[in-house]
Amino acid sequence: MSKDTHKLMLDHSQAKVKLYGDYLAKYLRVIVQDGQTTNIHFYDLFCGEGIYEDGAKGSPIIALDKIRGCYATMENMPKVTITFNDISPEVISKLRKSLGSTNIPEQCEVHITNEDYLDIRPNVISEINKFLKEKAVIFLDPKGYKEISVLHIKEFLSNKKTEVLVFLPIRDMYRFAGMDKEKINASHEPLYRLTSEIFPNGVPEYTSQIDFIAKIKDSLKNILPGYYVDTFTLEREPGQFFCLFFFTSNIRGLEKMLETKWEIDSEQGRIWRYERTSSMFSGSELLNFPERLKIL
């Protein structure tokens, strides 16, 4: 019997939120050291219910665990404001129950909203564009992908004070990326549209899902000049991949993401595998990292 992902948390999803949470902890430590930031904002705009029926922690609880740990171990931690949003009233109801049993630091202000992403997005952009001594991390893990656009990512990044993480189902995008639009059914049209945005000049040739991820990354670098783009690949089952894409204008933010990836995958720093075997790669795209860092 297949697992219900709305009730149970699949292994690759646990790896995803671990990467997200560990990155937040490193990010917070960097911000504390700058001595200038007065408020850190986290926006989880497709947040889910917090704790699943099998007891696994979703991104809201993972984030709060990391924030609480930072407040307990670091002096001069700035205020943290976190927004959890989900379009489902049922999910939000479960989230409120999950948060009721969670120790939320006094210095952390939590907002819970029940809105369509397309409605809350302009408000978030308006808010972050007013930042002076504030910074933000935006986490996008949509269920249907009908709302996500490359333009949205660009708008979130435009103030140079925000970092964005987006989770994409490579296995689905890969399957129909080269198909004629007439053959795409309604349920897959949103991902087809997103793929077309990523490849405005047409989808290039690719040899595998891993190669397809590399092509997406290269194209996003061209679409978003002046920003760093990085990826972490998750294998849900053998040969079937999802990918977390990371966007930032901050070299230190990129450094912390790379460190977090290496902690999860000590062999290559770029993939969580369904079965832990020897690496499927013979070399790493992250070798000679200091020399290779540049804004593309």
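The rules behind each value
Residues numbered from 1 in each chain as written. Predicted model: local features only at pLDDT ≥ 70, side-chain atom pairs only at ≥ 80, totals over all residues. Heavy atoms only, no water. Core = buried A, V, L, I, M, F, W, Y, C linked by side-chain atoms within 4.5 Å. Buried < 20%, exposed > 50% of the residue type's maximum accessible area, 1.4 Å probe, protein only. Helix = DSSP H or I, 4+ residues; strand = E, 2+ residues; numbered from the N terminus. Contact = heavy atoms within 4.5 Å. Salt bridge = Lys/Arg side-chain N within 4 Å of Asp/Glu carboxyl O. Axes fitted to C-alpha atoms, helices over the stretch in contact; angles between N-to-C directions. Parallel < 35°, antiparallel > 145°, perpendicular 65-115°, else oblique. Left-handed = near helix turned anticlockwise from the far one by under 90°. Nonpolar A, V, L, I, M, F, W, Y, C, P; charged D, E, K, R; others polar. Phe/Tyr/Trp six-rings, centres within 6.5 Å; stacked < 30°, edge-to-face > 60°. Lys NZ or Arg CZ within 6 Å of the ring centre and 35° of its normal. Pairing = 2+ DSSP bridges.

(A) Looking closely at the nonpolar core. In terms of nonpolar packing, the biggest core is built from 42 residues, with Leu45, Leu140, Phe156, Ile170 and Phe247 touching the most fellow members. Counting only elements with at least two residues in this core, the list comes to helix H4 (117-128), strand E4 (134-140), helix H5 (150-157), strand E5 (162-168), helix H6 (170-176), helix H7 (189-198), helix H8 (209-223) and strand E7 (240-248). Leaving out residues up to four positions away in the same chain, Phe247 has contacts with Ile153, Leu157, Thr162, Glu163, Val164, Val166, Leu220, Leu224, Tyr228 and Val229.

(B) Main features of the pattern of salt bridges. Taken as a whole and judged by the stated rule, the model has 14 salt bridges. A salt bridge links Arg171 to Asp172; the nearest nitrogen and oxygen atoms lie 3.8 Å apart. The exposure class assigned to Asp172 is buried, which follows from its relative accessible area of 15%. A single network of salt bridges, built from pairs that share partners, joins Lys18, Asp22 and Lys66.

(C) Broad picture of the packing of H4 against H5. Remark: H4 packs on H5, axes separated minimally by 9 Å, with the N-to-C direction vectors making an angle of 25 degrees. Put simply, H4 runs roughly parallel to H5. You can see that H4 and H5 cross each other, and the crossing is left-handed. Here H4 contributes Tyr117, Leu118, Arg121, Val124, Ile125 and Ile128 to the contact with H5, which in turn contributes His152, Glu155 and Phe156. Of the residues assigned to the contact of H4 with H5, the class counts are six nonpolar, one polar and two charged.

(D) Representation of unusual backbone geometry within the structure. At Asn76, a position not held by glycine, the phi torsion is positive, near 60 degrees. One can find Asn76 in the loop between helix H2 (59-73) and strand E2 (79-85). Relative accessible area serves as the criterion here: at 69%, Asn76 is assigned to the exposed category.

(E) Here's a closer look at the packing of aromatic side chains. This model, assessed by the stated rule, comprises ten aromatic pairs. Seen in terms of ring centroids, Phe167 and Phe242 are 5.5 Å apart; in terms of plane orientation they differ by 10 degrees. Their pairing is stacked. Of this pair, Phe167 sits in strand E5 while Phe242 sits in strand E7, and the two are 75 residues apart along the sequence. For the pair shown, Phe167 and Phe242 are each scored as buried. Judged by centre distance (5.2 Å) and plane angle (55 degrees), the rings of Tyr174 and Tyr206 are tilted. In this pair, Tyr174 sits in helix H6 while Tyr206 sits in the loop between H7 and H8, placing the two residues 32 residues apart along the sequence. Look at Tyr206 and you get partly exposed, because its relative accessible area is 24%. Three or more aromatic residues link up through ring pairs in this structure, and these residues are Tyr23, Tyr27, Phe42 and Phe246. Note that Lys16 overlies the ring of Phe167, its terminal NZ or CZ placed 4.2 Å from the centroid. Positioned over the ring face of Tyr227 is Lys160, at 4.3 Å from the centre of the ring.

(F) Inspection of the pairing of E7 at higher detail. With eight of nine residues buried, E7 is to be regarded as a mostly interior element. In terms of strand pairing, strand E6 (residues 228-237) meets E7 through nine bridges, oriented antiparallel. Residue Asp230 lies in a different strand from E7, and its bridge partner there is Phe246. Once E6 ends, the chain turns through two residues before running back antiparallel as E7, passing Gly239 with a positive phi of about 80 degrees.

Any functional reading would require information that these geometric values do not contain.
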